[in-house]
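Coordinate inspection notes
In case you want the letters, here they are:
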Amino acid sequence: MTNFYKDEHYSDEFPNHKLVYGPVKSWRFGQSLGIDPIFKISTCSFNCIYCQLGNIQQVSSKLENFVPTEKILIDFENVLNDGKTIDVITYSGSGEPTLASNLEEIIDGIRKLAPHIPQYILTNGTHLGIASVQKTLNKLDKVIVKLDAWDDRSLSLINRADKGINFSSLIEGILSFTSQYKGSLEVQTMFMPINIEKDLKKYAETLMRINPETVQLNTPKRPYPLSWHRENRGNHLGIHHHEIRELKTITSDQAKKIEKELKEMTGLNILSIYR
Ligand code: SF4
């Protein structure tokens, strides 16, 4: 772990050196403590146009050991000892958490330290077809998968996926995961004016194939940062100390209409951020 502190990314430029952030208030899950297994620079297999991390610095699909498990567990234990309310632990942070090859070890370590707190993950779903990732995510209480696209064109327009990822490989991977996962599976989707014309029928068909317990209908409530810094994680107010671009959101009426139509088409439980 010594080398980690000497790492070029572990510098004074980013005073926030914690691999654990929050707890931050989640509109769905209460006080959510974020765990960041990526940390050094933003790294993801997507580069979504609305990402709260800003433009992803490293668009990659490669599994790597980004940070030492031991450092995460020390940071986590420090927060536990502070005695703050933690309703859930959420793996998210500086990119796509399933890219961390030590994720299983981190989950096991945190489970030992806090067996009573449920563990969730926010994932873009690109790695759910991989057997080792499935084994790791099976240890979690809830998996929340992002699904904004309904075909290759929308995947490239909204999520700007890494090369080699297409809509059918993404959905096949998600279905392979759901066929064996025993925990709770949710889908999270982002609506903005740019995709308000979303082909709802095609989108609903995909949702029905996945058959999640709940669909969270979101619109970007956080701005798009024009530079990378660690306050981009979670909903820290520090994000407003940096240059940002506000994103256009859909209105409450538009969200209600989408919610109603998706419910009628799928019969699924749809929860809108405007509720
Ligand atoms: S999947 Fe998440 S972390 Fe990755 S670019 Fe999209 S919003 Fe950002």
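This section reports on the structure supplied with the text. (Residues numbered from 1 in each chain as written. Predicted model: local features only at pLDDT ≥ 70, side-chain atom pairs only at ≥ 80, totals over all residues. Heavy atoms only, no water.)

**Focus on the site of the ligand**
Quick reminder of the rule: Consider each residue's heavy atoms; a residue with any of them within 4 Å of a molecule or strand counts as near. The residue classification treats Ala, Val, Leu, Ile, Met, Phe, Trp, Tyr, Cys and Pro as nonpolar and Asp, Glu, Lys and Arg as charged. All others, Gly included, are polar.
Around the ligand, the neighbouring residues are Cys44, Phe46, Asn47, Cys48, Tyr50, Cys51, Leu53, Ile56, Asn124 and Lys146. Classifying every residue of the shell around the ligand by side-chain character gives 7 nonpolar, 2 polar and 1 charged.

**Points about unusual backbone geometry**
Trans peptide bonds make up the majority, and among non-glycine residues the majority have a negative phi. Quick reminder of the rule: Put simply, DSSP marks the helices as runs of H or I at least four residues long and the strands as runs of E at least two long, and each gets a number from the N terminus on. Exposure categories follow from relative accessible area, calculated using a 1.4 Å probe and restricted to protein chains: below 20% of the type maximum is buried, above 50% is exposed, and the middle band is partly exposed.
The linkage connecting Gly22 with the following residue, Pro23, adopts the cis geometry, with an omega of 5°. Non-glycine residue Phe39 carries a positive phi angle of around 65°. Structurally, Phe39 can be placed in the loop between strand 2 (30-35) and strand 3 (43-44). Relative accessible area serves as the criterion here: at 0%, Phe39 is assigned to the buried category. Backbone geometry places Arg160, a non-glycine residue, at a positive phi of 45°. Relative to the assigned elements, Arg160 resides in the loop between helix 5 (152-159) and helix 6 (167-178). Residue Arg160 is classed as partly exposed on the basis of its relative accessible area of 34%.

**Observations regarding the pairing of strand 7 (residues 142-146)**
In the case of a regular strand, side chains alternate between the two sheet surfaces. This is how the line gets drawn: Strand pairing follows a simple DSSP-based rule, namely that at least 2 bridges must link the two strands. Seen with the strands pointing away from the viewer, any crossover whose path from the first strand over the helix to the second strand runs clockwise is right-handed.
The element strand 7 is largely enclosed, with a buried count of 5 among its 5 residues. As judged from the 4 bridges shared by strand 6 (residues 119-123) and strand 7, these two strands associate in the parallel manner. In the strand pairing of strand 7, Thr123 is matched with Val145. Regarding the hand of the β-α-β motif, the stretch spanning strand 6, helix 4 (residues 131-137) and strand 7 is right-handed. For strand 7 and strand 8 (residues 184-190), the ladder comprises 5 bridges, and the chain directions are parallel. Looking across to strand 8, one finds that Val143 is bridged to Leu185.

**Some words on the packing of helix 6 against helix 7 (residues 200-210)**
Convention followed: The axes are straight lines fitted to the C-alpha atoms, using for helices just the contacting stretch, and the angles between their N-to-C directions are given from 0 to 180°. Any angle between 65 and 115 degrees counts as roughly perpendicular, while under 35 counts as roughly parallel, over 145 as roughly antiparallel, and the rest as oblique. Every residue pair with non-hydrogen atoms within 4.5 Å of one another is taken to be in contact.
Contact geometry of helix 6 with helix 7 gives a least axis separation of 9 Å together with a crossing angle of 30°. The orientation of helix 6 with respect to helix 7, classified from their angle, is roughly parallel. Taken together, the residues of helix 7 that come into contact with helix 6 (itself represented by Phe167, Ile171, Glu172, Ile174, Leu175 and Thr178) are Thr206, Arg209 and Ile210. Per-class residue counts for the contact of helix 6 with helix 7 are 5 nonpolar, 2 polar and 2 charged.

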